[in-house]
Amino acid sequence: MKKIVILFFLTLFLSSCSSIKRLGEDDLLLKQNTIVVDEKKNTNSDLNELLVQKPNIKTLGLPLSLYFYNLGDKNKPNTVNEWGIKKPKTYNFIKNIFSEKQSISYANSMIGLNNWFLKNGQAPVIIKDEKITKTINNLTAYHKNNGYFRVKAQSSIEVQKNKKAIVNYTIDKGRPTFLDSIITNIKSPVLDSLYQSQKSLSFLKKGDQFKEANFIKEASRITNLYRNNGIYHFTENDLGYYNIDSAITNSYKTNVDLVIFDKKRVVKKNGDYELKLFDILKLRKINVYTDYSFNKKNNPYLDSINYEGVTFHAHKKIKYNPRLLSESIFIRPNQVYADSTRNLTRKHLKSLRNFKITNIQYETIKDNNKQLDVNIFLTPLDKFSLDLETELTHSNIRDLGVSGKFSFINRNIFRGAEIFKLSFLSSFFNASQDANKEGSFFNSWEIGADMSLEIPRFVAPFGLGKLVPKRMSPRTMFTLGTSIQQNIGLDRETVTALIDYKWQYNDKKTIQLDVFNTQYVRNLRIGNYFDIYNSEYIKLNSIAKIFFDDPNYTLERQGETVSFMKTVFNDEEFQTSNPDQYRNNLNILDRYNIITSDFLIPTIAYSYTFNNQSDFRDNNFSFFKVRVANSGNIGGLLSNKKDSNNRKTIFNIPLAQYFKTDIEYKKFWEVNNNSVIGFRSFIGAIIPYDNSVIPFTKSYFAGGSNDIRAWQTYDLGPGSRNSGLEYNIGSLKFLTSAEYRFDLFGSLKGALFVDAGNIWDITNSIFAEEKATFNGFKSIKDIAVGSGFGLRYDFSFLVFRLDLGFKMHEPHLENNKWFRNYNFSNAVYNIGINYPF
């Protein structure tokens, strides 16, 4: 049945695979555009953007979106009546067998399916003469704007087989024009003085090639210069370029007159216009309306407070502390007007996340040409609000999971625009380790709660908060949380306390400092260790058969296993006679001690993030992040107590002591409007000290839907070791990925990817095997490589992702490590939410 269904859809799709299926008799399908500039093939990507018509989007060389469109037909009926008239036999057949209601329903289904194909596919791009003419005009204008005033552009259509054609564009640029004399005409002494102070920064230089973009940049520079130095009324319309002579016969040079007007037309209250000289304006009154709403704009403001020249108003009672709120207002009386302080104030007030509307208005003062009044209208968000978040998760540990987070939010809790948040979390899922148990589908769960207080300023002793300027939007976050698990590993109970500082160094750089990030982890189900880590029990049982020289010997999971491991560990004779079995026992004992141990993890961390993405639509950007952390350094100085393993403790809890560094880099390139190339690289290392071990939760792992997708989570490494264990971890990780993302049709997208990396051990522990240890450049051979393809469906609010990963290079194999298991039977299916990086 499955094969029949696949064959049906394959036949249906192939039937649409004629790209000229929906063309009219005289139509030509655009196959390709070519642009030749000065007898050379075009290499300027800007020219390609000027083409009004472009061929149908291709995926891996095929116009799949066009094929999908051709599954529909725009000439088919759009109403039930039309459909019934065009297909009377089908309509009446269903009507006679079932009912007319079923006929109508079937007709609507067919109409809907046809429209869905047309909507999600791409219509054939048919060559149009008027669009070719528009392209010629675009190409001509582009070159004129870059100084080629005598450019000539023409087109020709090269008809090919099967009603397809190529449009060729030929451009003869001619000689470029250069700037000669640049003369400024600024009658206003005030404007001229400001201009001369930064004249050296001009984008217009004598001898440079004429480029309209430089004229636009210069106009913007001059406008910003004036508006940031008190010339409030100045706009780009108040300057102009004249005498740009493109008709100079042989010199190919042009003079430029830059004229800046000295007067501005302003509107008087009686409706008449009056011309006034530009002048530097200062600010007089600063009014902040803290509870403004359009419905109450005419109601009186009954409460007001003045703080450092800024007057705060409210209809009833001011709910914000004027001193604290004024920290987000960079506008003060007697300041010279500047766009920069206006924008900074708006940005800072929005970052408080206390106001849904922030509006800053400037008013001219009657009979006062030297000053402006400022009115800042703030419309608060609801003080109390509820928030609900849900998420669908999947991994090889959690086959399917549903999580929810319910939050109560209290804004401005201490009158300083603080945000208090109390959240309750719960997750229910089907854990892989318990998949064989009977009972409900969701056999595991995790619940927790946390509360946080975000303060929009630094809260620090000794005046340290003054080290970061207010313009960088400093923030302090206090967090306290706890969680408990059931049927997940050893069922951890976690308590976390956090104090961190964060500030925006500029639009691209963010810095975060965790001064107190302490986590207490307690395992609740240690006795079930060998039920969960069954592969380790099997290995241990095989060692017991050799140790007791009894092929039928079986260890008791719950009671005997731990004492047996310790017995073998202390048996020097067994170490000599059976070194491999002794080493395996040593590894299992080490993992048992690490995973079952409770930990106190007091961390101090510094993070630096660079991200030059302008907005979510920007597909050409870089991302870089480095995080340096230390755990247990201060705690180790405060306590001298140690446990039986000679590890430091606090309150009899083992103290995690380590240094950890993570570095991540991502780069994205937009190939065209429907495809993007992404690259990601990560390297991280964690080094314990003072006889400490690395907590399981802080170790590195490899594999999974956001990692090396040809391996499941925790399946890969460390190094070339093939442990066969459920959870493999390391103290060094390298990961790199490259992905080509492209549109298929509608909201469905595709991807091709390659992932490479692994984890290793760098702790120099006696428990580490040689195959798992990092050995410099020699360990390059241990890098695993996987590749594959994926489908992604964009729901606008999230992206549902299915990636299929194939193993290319498997470092643990003895021979023939490349492409040995590169097939569907050994592929890994990854389900994910949003992109992997």
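One can find the structure itself at the top, above this paragraph.
Residues numbered from 1 in each chain as written. Predicted model: local features only at pLDDT ≥ 70, side-chain atom pairs only at ≥ 80, totals over all residues. Heavy atoms only, no water.

A. Fine view of the overall build of the protein. Tallying secondary structure elements over the protein gives 17 helices and 32 strands in all. Counting only C-alpha atoms and orienting by the principal axes, one finds that the protein spans roughly 105 × 80 × 65 Å. Buried residues in the protein amount to 44% of all 837 residues. Excluding contacts between residues fewer than 6 apart, the proportion of contacts in the protein whose partners are at least 24 apart in sequence is 62%. Just so you have it, the protein exposes about 45200 Å², and 54% of that area is on carbon and sulfur atoms. Charge separation in the protein, taken as the distance between the mean sites of 110 positive and 84 negative side-chain charges, equals 6 Å. (Helix = DSSP H or I, 4+ residues; strand = E, 2+ residues; numbered from the N terminus. Buried < 20%, exposed > 50% of the residue type's maximum accessible area, 1.4 Å probe, protein only. Contact = heavy atoms within 4.5 Å. Areas by Shrake-Rupley, 256 points an atom, 1.4 Å probe, with all protein chains shown as cover. Lys, Arg positive; Asp, Glu negative; His and termini not counted. Charge placed at Lys NZ, Arg CZ, Asp CG, Glu CD.)

B. Fine view of the sheet that holds strand β4 (residues 164–172). As summarised here, the arrangement of the 4 strands in space is β2-β1-β4-β3, forming an open sheet in which the pairing is mixed. Across the chains shown, the open sheet's two edge strands, defined by having one partner strand only, are β2 (40–41) and β3 (152–159). The pairing of β3 with β4 spans 8 bridges and is antiparallel. In the strand pairing of β4, Gln 154 is matched with Thr 170. (Pairing = 2+ DSSP bridges.)

C. Fine view of the environment of Glu 814. In this structure, Glu 814 sits in the loop between β31 (799–809) and β32 (828–833). You can call Glu 814 exposed: its relative accessible area is 60%. Put simply, Glu 814 and Asn 722 are 92 residues apart on the chain and 11 Å apart in space, counted from C-alpha to C-alpha.

D. Spotlight on the pairing of strand β29 (residues 748–760). Of all 13 residues in β29, 10 are buried; the element is thus mostly enclosed. With 13 bridges connecting them, strand β28 (residues 732–745) and β29 associate as antiparallel partners. Considered in β29, the bridge of Phe 734 is made with Asn 758. Between β28 and the antiparallel strand that follows it, β29, lie 2 residues; Gly 746 among them carries a positive phi value of about 60 degrees. Direction of pairing for β29 relative to strand β30 (residues 784–794): antiparallel, over a ladder of 10 bridges. Residue pairing across strands places Gly 750 opposite Leu 791, the latter belonging to β30.

E. Highlighting a nonpolar patch on the surface. Residues Leu 60, Leu 752, Phe 789, Leu 791, Tyr 793, Phe 795, Phe 797, Phe 800, Leu 802, Phe 824, Tyr 829 and Ile 831 make up a contiguous nonpolar surface patch of roughly 1200 Å² in combined accessible area. With 3 residues, β30 is the largest single contributor of residues to the nonpolar patch. Here Phe 797 lies in the loop between β30 and β31. (Patch = residues over 30% accessible without salt bridge, like charges linked within 9 Å, V, L, I, M, F, W, Y side chains within 5 Å. Salt bridge = Lys/Arg side-chain N within 4 Å of Asp/Glu carboxyl O.)

F. Local environment of the packing of aromatic side chains. All told, the structure shown has 47 aromatic pairs when counted by the stated rule. One aromatic cluster is present, formed by Tyr 529, Phe 530, Tyr 533, Tyr 592, Phe 696, Phe 701, Tyr 714 and Tyr 727 through successive ring pairs. When the ring centre of Tyr 700 is taken as reference, the NZ or CZ atom of Lys 660 above it lies at 4.9 Å. The aromatic ring of Phe 753 is capped on one face by Arg 709, whose charged end is 3.8 Å from the ring centroid. (Phe/Tyr/Trp six-rings, centres within 6.5 Å; stacked < 30°, edge-to-face > 60°. Lys NZ or Arg CZ within 6 Å of the ring centre and 35° of its normal.)

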